[in-house]
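Commentary on secondary and tertiary structure
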Amino acid sequence: PVGVTNPAANALGLRSDGSIIVAGAGTADADADAGVGFIAGLDSSGSPIAGFTNTVVPNPLAPVAEPDVDDFGFSDLAILAGDAILAGGGGGDLTLAAFTSAGALDSSFATNGIATFNYFTFDTATGPSPTDDSITDLVVLDDGRILIAGKAVAGGTRGILGRLTAGGALDASFGSGGYAPLADQASNGVPTGLGVRPSGDIALSGAGFKPVQVSPN
């Protein structure tokens, strides 16, 4: 993508017309210390899709000093109804970005197409500090709500399971404030696999993360 140095694709999705959408991470051409997330589109023959605009997203936290601000990027994506696109990742805050089928940020989602959430803030000797959060996997449910798996880093690593409304707000009816509590044996690791059973129960697995099933209620 234009404006991105050393891009790395982390996820891909196939659209109804056979086109391919990839999401990933890189650094900004103008600032080698600034991480960016991006999506890119290829038609069914592998050629870039003309007209994709505004597909490179800088870290919404920049230039505020946050941990690992340089590691910002997208790690997963979903193809939505009408071939629109939802990308998730982070590098400071949990971050979702919604794009139209033409590749422009969808202003009807969250704030100008981007939703960000900090998992929690903890006290340090120098004052409050936010966790370093990122989304590792996402699933869009049939009703448009969004499940996210991810991690929060604050000394150790804590697994995250959350649910958002279709509009990009935390779903307060899920768990506590939009996040489901995870059993102790499953919480100290990174969930990278997220699936939904026909019953609606949610399954999580990952690296150093004991597989767990969570009720959607």
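Since this is a predicted model, take the numbers as computed values, not measurements.

Here the focus is the sheet that holds strand 14 (residues 190-196). Overall, antiparallel pairing links the three strands, which are arranged 14-15-16 in an open sheet. At either margin of the open sheet sits one strand with a lone partner, and together these are strand 14 and strand 16 (209-214). Recorded for the sheet is a direction-independent mean angle of 20° between the axes of neighbouring strands. Taken together, the six bridges between strand 14 and strand 15 (residues 202-207) define a ladder with antiparallel strand orientation. Bridging across to strand 15, V190 finds its partner in A207.

With respect to the element layout, G89 can be found in strand 6 (residues 85-92). Linking G89 and S45, residues 44 residues apart in sequence, is a C-alpha distance of 28 Å.

To continue, consider the packing of aromatic side chains. Applying the stated criterion to the full structure yields three aromatic pairs. Plain terms: the ring middles of F72 and F74 are 6.1 Å apart, the flat faces sit at 65° to each other, and that makes the pair edge-to-face. For the pair F72 and F74, one class covers both residues: buried. When the ring of Y119 is compared with that of F120, the centres are 5.6 Å apart and the planes differ by 65°; the resulting orientation is edge-to-face. Judged by its relative accessible area of 25%, F120 falls in the partly exposed class. What links up through ring pairs into an aromatic cluster is the set Y119, F120 and Y179.

By secondary structure assignment, the location of G91 is in strand 6. Assessed through its relative accessible area of 5%, G91 is described here as buried. Between the C-alpha atom of G91 and that of G35, which follows or precedes it by 56 residues, the distance is 8.4 Å.

The next thing to look at is the sheet that holds strand 2 (residues 20-28). Taking strand neighbours across the sheet as the criterion, the four strands line up as 1-2-3-4 in an open arrangement whose pairing is antiparallel. Since the sheet does not close on itself, it has two edges, and those belong to strand 1 (4-14) and strand 4 (56-58), each with one partner. If you compare each strand with its neighbour and ignore which way they point, the axes differ by 20° on average. In terms of strand pairing, strand 3 (residues 31-42) meets strand 4 through three bridges, oriented antiparallel. Residue pairing in the sheet places F38 in a bridge with V56 of strand 4.

Take the pairing of strand 15 next. Between the end of strand 14 and the start of strand 15, which pair antiparallel, lie five residues, with G200 showing a positive phi angle near 100°. Here four bridges tie strand 15 to strand 16, and the two strands are oriented antiparallel to one another. Each bridged residue has a counterpart across the sheet, and for G206 the counterpart in strand 16 is F209. Linking strand 15 back to strand 16 in an antiparallel pair, the connection comprises one residue, with G208 at a positive phi of about 65°.

So, how was this worked out
- Residues numbered from 1 in each chain as written.
- Predicted model: local features only at pLDDT ≥ 70, side-chain atom pairs only at ≥ 80, totals over all residues.
- Heavy atoms only, no water.
- Pairing = 2+ DSSP bridges.
- Helix = DSSP H or I, 4+ residues; strand = E, 2+ residues; numbered from the N terminus.
- Axes fitted to C-alpha atoms, helices over the stretch in contact; angles between N-to-C directions.
- Phe/Tyr/Trp six-rings, centres within 6.5 Å; stacked < 30°, edge-to-face > 60°.
- Buried < 20%, exposed > 50% of the residue type's maximum accessible area, 1.4 Å probe, protein only.

Fair warning: the whole summary comes from geometry, so function is off the table for now.
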